[in-house]
Amino acid sequence: MSDENDKKPENDPQLAAKIKGSARQIWLAGLGAYTKAEEDTGRFFERLVQEGEQLENKTRGAVEKQIRSVEDRVEGVRERATGTWDRLEHLFDERVSGALRRLGIHRREDFEALEHRIEALEAELSALRDSNSRDEEE
């Protein structure tokens, strides 16, 4: 009967040692897998950060290019609008001046021209008076 007990697996010291060794190897393999996964996760995270930075740099360049494009378009529109307003202002001035002339209302420039003519005539008149006064004195 003792031979039968010795042959049972739970009584085999070699088998127990093998199972214990296998359990330890499984445990160590699990620890190694955990450590490896942790290392790979760190490297994977760093790689994701690098790829994110590269993508950000690419998109920043594209966004800046789009901003410059929009600014250029806005400047072009602004220049066209300014030119249009200048033309409209000039056209408006011409139309108003024409309407005032038709109504017999003179522009400021017309009055200034008349003032210059009057000043010139007064100067000539004064010169003629002075000339006549000298002739009479002689």
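Residue numbering note: each chain is counted from 1, following its sequence as written. Restriction of local features to residues with pLDDT of at least 70 applies here, the model being predicted, together with a cutoff of 80 or more for giving and counting side-chain atom pairs; totals for whole chains, interfaces and linings are based on all residues. Side-chain numbers here rest on the full set of heavy atoms in the structure, without hydrogens or water.

1. A short note on the overall build of the chain
Runs of E in the DSSP output that reach at least two residues are strands. Runs of H or I that reach at least four are helices, and both are numbered from the N terminus. The number of helices and strands found in the chain is three helices and zero strands. From first element to last, N terminus to C terminus, the chain shows the α and β order α-α-α. As defined in this context, the radius of gyration uses C-alpha atoms, and a globule is described by 2.2 Å times the residue total to the power 0.38. For the chain, the C-alpha radius of gyration of 53 Å lies well beyond 14 Å, the compact-globule estimate for 138 residues. In the chain, which comprises 138 residues, the proportion classed as buried is 1%. Residues scored as charged are limited to Lys and Arg (positive) and Asp and Glu (negative), so that His and the chain ends carry no count. Taken as the charge location is NZ of Lys, CZ of Arg, CG of Asp or CD of Glu. A distance of 12 Å separates the average location of the 24 positive side-chain charges in the chain from that of its 33 negative side-chain charges. A simple rule labels every residue: compare its accessible area, found with a 1.4 Å probe on the protein chains alone, to the largest value its type can have, and call it buried under 20%, exposed over 50%, or partly exposed in between.

2. A closer look at a negative patch on the surface
Only residues whose relative accessible area exceeds 30% and that take part in no salt bridge are eligible for patches, with like-charged residues grouped when within 9 Å of each other and nonpolar side chains (Val, Leu, Ile, Met, Phe, Trp, Tyr) grouped when within 5 Å. Each accessible area is a Shrake-Rupley result for a 1.4 Å probe, and residues are judged covered by the shown protein chains and nothing else. Salt bridges are counted wherever a side-chain nitrogen of Lys or Arg sits within 4 Å of a carboxyl oxygen of Asp or Glu. The grouping of Asp 86, Glu 89, Asp 93 and Glu 94 at the surface amounts to a negative patch. Here Glu 89 shows up in helix α2 (residues 13-102).

3. Considering the pattern of salt bridges
Tallied over the full model, the rule gives two salt bridges. Here Arg 60 makes a salt bridge to Glu 56, at a shortest N to O gap of 3.5 Å. Taken as a pair, Arg 60 and Glu 56 lie in helix α2 at a separation of four residues, close to a single helical turn. For Glu 75, the salt bridge identified is with Arg 78, shortest N-O distance 2.8 Å. Here Arg 78 and Glu 75 lie together in helix α2, a separation of three residues that amounts to about one turn. Looking at Glu 75, the relative accessible area reads 33%, which means it is partly exposed.

4. Digging into the environment of Val 63
Among the secondary structure elements, Val 63 is positioned in helix α2. Along the primary structure Val 63 and Leu 88 are separated by 25 residues, whereas in three dimensions their C-alpha atoms are 37 Å apart.

5. A closer look at α2
Note: α-helices contain 3.6 residues per turn, so residues at a spacing of three or four share the same orientation. Between the first and last residue of a helix there are one fewer steps than residues, each counted as 1.5 Å, and that sum is the expected span. Look at α2: 130 Å from first C-alpha to last across 90 residues, which is about the 134 Å you get at 1.5 Å a residue. At the C-terminal side of α2, Gly 104 shows a positive phi close to 85°.

6. So, a nonpolar patch on the surface
Taken together, the side chains of Trp 27, Leu 28 and Leu 31 make up a nonpolar region of the molecular surface, amounting to roughly 320 Å² of accessible area. Relative to the assigned elements, Trp 27 resides in helix α2. By relative accessible area, which is 55% here, Trp 27 ends up exposed.

7. Concerning the confidence of the model for the chain
What pLDDT expresses is the predictor's confidence in each residue, scored from 0 to 100. In this model, the chain carries an average pLDDT of 82, and 91% of its residues clear a pLDDT of 70 or more. Across the chain, the element-wise mean pLDDT spans from 54 in helix α1 (residues 2-7) up to 88 in helix α3 (residues 108-137).

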